[in-house]
Amino acid sequence: MARNFWDRTLNPEMQMTHVQNGGRPVCGWRLCLRGIMFDSETFAGRRFALVLIFTIILSVLTVMLDSVDAVRKTHGDLLYGIEWFFTLVFTLEYILRLVCAERRLRYATSFFGIVDLLAIVPTYVDVLLPGSHYLVVIRILRVLRVFRVLKLVQYLNAAQLMVRAIQTSYRKVAVFLVTVMTTVVVLGSLMYVIETPDNGFTSIPRSIYWAIVTLTTVGYGDISPKTAPGQLLAIVVMLLGFSIIAVPSSILSVEIFQAVQGRAGTRSCAVCNAVTREPDAKFCQFCGTEL
């Protein structure tokens, strides 16, 4: 029974330590805690992730309710107490992650480390700098608590695939954005020359703003061409927008498909954590463990 517990809760690094020491689970409390808090693939890690997701959702709902005047007037004290409870929970989580992280500075400066910090800082700032009519702007920091919802991303497989697709296609997307920006600068300059300031196109930046709004098919209508040549150019920009809008979607779709195919064709060894891409492999090529 003890062996099954360790097999379910230890991450691959712990399992390798487990095997190398003759089958005896040698594990410090920091190593165990790291497997629970940072490895959502283990039994205990999955349970911790589910509890944390539920807590994050409740905390975000609390922030949303606190922004409603009617609810805050009737249940303000209750929401304040609940908010402090969640703040203390996330503070404890942040401290434990710092304690058990393999590289503390790397975690603290990572995206999720900064998000974890932003999730708890506003509540303490609100206490250290009590609101007065000179410091009312400090209350804006309370909105930063909504950043807690970003903590959900690291527990969603679909989000991880999306992040991987963006990382592999960022150069293509960057080239696309540069092309679009060059296009709107040219189109905006042309519209400035055609329409002149009398028709609302008072400067090239304002004309570029119109080109961006029109190219993205938003069309606020606060500025529009009045002359026939300008309207003809507007038609070209609108049609161009329909064709351009599909480009980034196609790039990301291809990268996501390739990421899914790559994940489906790989398997990792539970002992040495080595990855193999051979679909018919039955044993690990490094340590011989059955896959």
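(A) Highlighting the overall build of the protein chain. Tallying secondary structure elements over the protein chain gives 12 helices and two strands in all. Counting helices and strands in the order they occur from the N terminus, the protein chain gives α-α-α-α-α-α-α-α-α-α-α-α-β-β. Within the protein chain, the fraction of its 291 residues that count as buried is 31%. Sequence-distant contacts in the protein chain: of pairs separated by 6 or more residues, those separated by 24 or more amount to 55%. With the model as given, the accessible surface of the protein chain reaches about 18,200 Å², and the carbon-plus-sulfur share is 69%.

(B) Representation of the packing of aromatic side chains within the structure. Tallied over the full model, the rule gives four aromatic pairs. With a centroid separation of 6.1 Å and 40 degrees between ring planes, the pair formed by Y94 and Y107 is classed as tilted. With Y94 in helix α5 (residues 69–100) and Y107 in helix α6 (residues 104–108), this pair connects stretches of sequence that are 13 residues apart.

(C) Spotlight on the pattern of salt bridges. Inspection of the entire model under this criterion finds two salt bridges. Ionic pairing is found between D69 and R72, a salt bridge with its closest N-O pair at 2.4 Å. Of this pair, D69 and R72 both sit in helix α5, three residues apart, which is roughly one turn of that helix.

(D) Structural detail: the environment of I114. Here I114 shows up in helix α7 (residues 111–118). Here I114 is in contact with A108 and T109, once residues within four sequence places are set aside.

(E) Broad picture of the confidence of the model for the protein chain. Overall, the predicted model of the protein chain reaches an average pLDDT of 75, with 70% of residues at or above 70. Mean pLDDT per element in the protein chain: helix α2 (residues 12–20) is the minimum at 41, and helix α10 (residues 204–215) is the maximum at 91. Considering only residues more than four positions removed or in separate chains, one finds that residues 1–26, a stretch of pLDDT under 50, has 39 contacts. Residue range residues 132–139 is modelled with pLDDT below 50. Its contacts to residues more than four positions away, or to other chains, number four contacts.

(F) Expanded view of helix α8 (residues 121–128). Among all positions of α8, only P122, T123, V125 and D126 are buried. In a view along the axis of α8, the buried residues occupy a sector of 165 degrees, so they form one face of it.

(G) Seen up close, the environment of V173. Relative to the assigned elements, V173 resides in helix α9 (residues 157–195). Residue classification places V173 among the partly exposed residues on the basis of a relative accessible area of 23%.

(H) Structural context of the nonpolar core. V180, V184, W210, L215 and V237 are the most contacted members of the largest nonpolar core, which totals 15 residues. Elements with a minimum of two residues in this core: α9, α10 and α11 (228–244). Ranked by residue count, the leading element in this core is α9, at five residues. Ignoring any residue separated from it by four or fewer positions in sequence, one finds V184 in contact with I208, A211, I212 and L215.

Rules and cut-offs
Residues numbered from 1 in each chain as written. Predicted model: local features only at pLDDT ≥ 70, side-chain atom pairs only at ≥ 80, totals over all residues. Heavy atoms only, no water. Helix = DSSP H or I, 4+ residues; strand = E, 2+ residues; numbered from the N terminus. Buried < 20%, exposed > 50% of the residue type's maximum accessible area, 1.4 Å probe, protein only. Contact = heavy atoms within 4.5 Å. Areas by Shrake-Rupley, 256 points an atom, 1.4 Å probe, with all protein chains shown as cover. Phe/Tyr/Trp six-rings, centres within 6.5 Å; stacked < 30°, edge-to-face > 60°. Salt bridge = Lys/Arg side-chain N within 4 Å of Asp/Glu carboxyl O. pLDDT = per-residue confidence, 0-100. Arc of directions from axis to C-beta. Core = buried A, V, L, I, M, F, W, Y, C linked by side-chain atoms within 4.5 Å.

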